[in-house]
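Topology and contacts: notes
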Amino acid sequence: MGHRALIFDSGMGGLSVTRHIRDHMPWLSMTYAADDMFRPYGTKSAAALRARLPGLLATLAIATRPNIIVLACNTASVTALDDIRAAVNVPVVGVVPAVKPAALTSRTRTLAVLGTPGTVKRKYVDDLIENFAGDCRVLLLGSTALVALAEDKMSGRGVDMEILRREVAPLFEGRFGADIDTVVLACTHFPLLVDELKSISRQTINWIDSGEAIARRVKSLLSKIPENRRREPPDCALLIGPDAGPARRQVFAQYGFEHVVGLFPDV
Ligand code: DGL
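Residues numbered from 1 in each chain as written. Predicted model: local features only at pLDDT ≥ 70, side-chain atom pairs only at ≥ 80, totals over all residues. Heavy atoms only, no water.

Describing the sheet that holds strand S2 (residues 29–34)
Note the following rule: Strands are treated as partners if at least two bridges between them are detected by DSSP. Strands are runs of DSSP state E lasting at least two residues, helices are runs of H or I lasting at least four, and both sets are numbered from the N terminus onward. Inter-axis angles, ranging from 0 to 180 degrees, are taken between N-to-C directions of lines fitted to C-alpha atoms, where helices are fitted over the stretch in contact.
With respect to topology, 6 strands assemble into an open sheet ordered S4-S3-S1-S2-S9-S10, the strand pairing being parallel. Pairing within the sheet leaves two strands with one partner each, and these edge strands are strand S4 (92–94) and strand S10 (259–262). Between one strand and the next, the sheet's axes are offset by a mean angle of 20 degrees, whatever the strand orientation. Pairing of strand S1 (residues 4–9) with strand S3 (residues 68–71), which is carried by 4 bridges, proceeds in the parallel orientation. Note that in S3 the partner of Leu6 across the bridge is Ile69.

Here we look at helix H1 (residues 15–24)
Heads up, the condition is: Burial status follows relative accessibility: with a 1.4 Å probe on protein chains alone, a residue under 20% of its type maximum counts as buried, one over 50% as exposed, and anything between as partly exposed. Contacts were defined at the residue level, with two residues in contact if any of their heavy atoms lie within 4.5 Å.
For H1, a buried count of 8 out of 10 residues is recorded, marking the element as mostly surrounded by other parts of the structure. Listed as buried for H1 are Leu15, Ser16, Val17, Thr18, His20, Ile21, Arg22 and His24. Among the structural elements, S1, S2, S3, helix H7 (145–154), helix H10 (211–222) and helix H11 (246–254) are those in contact with the buried residues of H1.

Focus: the site of the ligand
Basically, it comes down to this: If a single non-hydrogen atom of a residue is within 4 Å of a molecule or strand, that residue counts as near it. Polar contacts, as counted here, are pairs of nitrogen or oxygen atoms within 3.5 Å of one another; within protein the pair requires one atom able to donate a hydrogen and one able to accept it, and residues that are adjacent in sequence qualify only if both atoms are side-chain atoms. The Shrake-Rupley method, run with a 1.4 Å probe sphere, supplies the accessible areas, and residue values consider only the shown protein chains as cover.
Around the ligand, the surrounding shell holds 14 residues, and the nearest of these are Ser10, Tyr41, Asn74, Thr75 and His189. Within the backbone of Gly42, one N or O atom sits 2.8 Å away from an oxygen atom of the ligand. At a separation of 2.8 Å, an oxygen atom of the ligand approaches a polar backbone atom of Thr188. If the ligand stood free it would expose 300 Å²; the protein chains cover 100% of that surface.

Spatial relationships are all this shows, so hold off on functional conclusions.
Shown next, in the form of structure tokens:
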């Protein structure tokens, strides 16, 4: 009995959002789906993502019967949110870059948005900046390597700090790098690396992500949806691809997903 949410990402990034949802709604049943096979999303064209995601989410929704879907992926949300909403019959909450809270708190009026290459070039993000950070200088930086580093960390392989340094360096080396006081973590994988990011950056930087706001939004939407009458099965992670090995299983278990199922173990 109760509600079920489907959390979706290209990989383990959505766990950074799951954490906040669990904190706010410990009673909520969840299914996690990771599209390992098609990651990274950040290098895929908008057309490729729009061709894949609505059908995939519709299929997952039929299989898992959620009351709500959390698209815990900035790249997918800024690219295909409307198409996905049109393909499913439950509310979809999309995780998008936290530009608004960043602009509200930046004292230097100088921000960076650190996302995937796909996210930082989408019009959706330009519009967020225009609407909410019009009086700020905003540096956009895309990185795919950081997605792989976060996956490495969550798969027990450790984080290569040299690569991390190299990827983040352009944030602070540019013309107004010294003035940046707020960095928007505009990919759900990146909050998983926040300790490492802090350890190599100025201590005064405020790292902002959308996880907490998304959890509040999910809670508010669910309060208006009648609860399921069925008994919910245990929370399960569905990994689309071959990598459902022991290290990943262990991490999913730590986030409350008791069962991990590889959907296409042979690809
Ligand atoms: N976690 C995803 C995001 O929030 C995408 C990572 C990727 O597959 O490129 O953008």
